[in-house]
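Here is what each chain is made of, one letter per residue.
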Amino acid sequence: MPRKTADFLRPALLLALGLPAALACVGAVARTSDRNQPLDVMATSTDCTVAGDGPCTFTGNVHLTQGTLVVQGAKAVVHRVNGDIRRVTLTGSPAQMSQELDDGSKINAQASNVDYDMSTDTVVFTGNAVIDQRGGGNITGGRIAYNMKSGQVQGSGGEGAGRVHVQFPPKAQQGKN
């Protein structure tokens, strides 16, 4: 992949998939050094224009790596308006993410869909969403929304009689992997 395309995607994909999931569980911070690592994107195909507006789409076994951040899904789409990245969506069966945090613990997340709206600083995980930080708790539900500005996390069970489940570990077990 040309270096220019990797530079174009780095900030949006890291924010969209790494930091929000890490913060959603218990306020942990994603490995800050990952932001300084190159972003590697592999997919079966891509349809992307680096200049201008419009979506940049990656399809087929999409695999993104930046430092300790690893994201996999069937499809990733970066939406641009006036040359700025405004929204990033990822779909999969499920889309999966893992990342090491600054404290050395690891976070794993998965959902059918991940949607990050940069204009509202909100990330929404939908479709059997699971966010798990080993030793730090987890949240599952049909929909989990995280506002990066306020730190607010909202979960719901999804359609029908679904429920959200949050598990807080005892203080003695917090931070243990």
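Since this is a predicted model, take the numbers as computed values, not measurements. (Residues numbered from 1 in each chain as written. Predicted model: local features only at pLDDT ≥ 70, side-chain atom pairs only at ≥ 80, totals over all residues. Heavy atoms only, no water.)

Across its full length, the protein chain carries 2 helices and 10 strands. Helices and strands in the protein chain line up, N terminus first, as α-α-β-β-β-β-β-β-β-β-β-β. By residue count, 42% of the 177 residues in the protein chain fall in the buried class. (Helix = DSSP H or I, 4+ residues; strand = E, 2+ residues; numbered from the N terminus. Buried < 20%, exposed > 50% of the residue type's maximum accessible area, 1.4 Å probe, protein only.)

Turning to the pattern of salt bridges, a few remarks are in order. Using the criterion set out here, one finds 1 salt bridge in the structure. Between Arg87 and Asp115 there is a salt bridge; the shortest N-O distance is 2.8 Å. Of this pair, Arg87 sits in strand β5 (residues 84-100) while Asp115 sits in strand β6 (residues 106-117), placing them 28 residues apart in sequence. Given a relative accessible area of 34%, Arg87 falls into the partly exposed group. (Salt bridge = Lys/Arg side-chain N within 4 Å of Asp/Glu carboxyl O.)

It is worth spelling out the confidence of the model for the protein chain at this point. The predicted model of the protein chain averages 76 in pLDDT, with 75% of residues at 70 or higher. Summarising per-element confidence for the protein chain, the mean pLDDT is lowest in helix α2 (residues 19-26) (39) and highest in strand β2 (residues 45-47) (94). Contacts from residues 1-27, a stretch scored under 50 in pLDDT, to residues over four places away or in other chains number 83 contacts. (pLDDT = per-residue confidence, 0-100. Contact = heavy atoms within 4.5 Å.)

Alignment of strand β3 (residues 56-66) against strand β4 (residues 69-81), held across 9 bridges, turns out to be antiparallel. Counted as the bridge partner of Val62 is Gly73 from β4. Between β4 and β5, which pair antiparallel and follow one another directly, the connecting turn spans 2 residues, one of which, Asn82, has a positive phi of 55 degrees. (Pairing = 2+ DSSP bridges.)

So, on to the nonpolar core. Residues Phe58, Val71, Leu90, Met97, Phe125, Ile131 and Ile144 are the most contacted members of the largest nonpolar core, which totals 26 residues. Listing elements by their share of this core, those giving two or more residues are β3, β4, β5, β6, β7 (122-133) and β8 (137-147). Residues in contact with Ile144, not counting those within four places in the same chain, are Val123, Val124, Phe125, Ala129, Ile131, Ile139, Val153, Gln154 and Gly155. (Core = buried A, V, L, I, M, F, W, Y, C linked by side-chain atoms within 4.5 Å.)

Another point: the pairing of β8. Counting buried residues in β8 gives 8 out of 11 residues, a clear majority hidden from the surface. Relative to β8, β7 runs antiparallel, the two sharing 10 bridges. The residue of β8 that forms the bridge with Asp132 is Asn138. The hairpin turn running from β7 into β8, its antiparallel successor, is 3 residues long, and Gly135 in that turn takes a positive phi close to 75 degrees. Strand direction decides the pairing type here: β8 and strand β10 (residues 165-167), joined by 3 bridges, are antiparallel.

Let us look at the state of the cysteines. Counted under the stated rule, the structure contains 1 disulfide. Linked covalently through their sulfurs, Cys48 and Cys56 form a disulfide whose S-S length is 2.0 Å. Its S-S torsion of about -110 degrees marks the bond between Cys48 and Cys56 as left-handed, since a negative value means left-handed. The exposure class assigned to Cys56 is buried, which follows from its relative accessible area of 0%. (Disulfide = S-S within 2.5 Å.)

What follows covers a nonpolar patch on the surface. Residues Val164, Val166 and Phe168 make up a contiguous nonpolar surface patch of about 290 Å² in total accessible area. Tracing the backbone shows Phe168 in the segment after β10. Given the relative accessible area of 68%, Phe168 is considered exposed. (Patch = residues over 30% accessible without salt bridge, like charges linked within 9 Å, V, L, I, M, F, W, Y side chains within 5 Å. Areas by Shrake-Rupley, 256 points an atom, 1.4 Å probe, with all protein chains shown as cover.)

With that settled, consider the side chain of Arg80. Turning to its location among the elements, Arg80 is positioned in strand β4. From its side chain, Arg80 meets the backbone oxygen of Gly54 in a polar contact 3.1 Å long. (Polar contact = N/O pair within 3.5 Å; in protein donor to acceptor, adjacent residues only side chain to side chain.)

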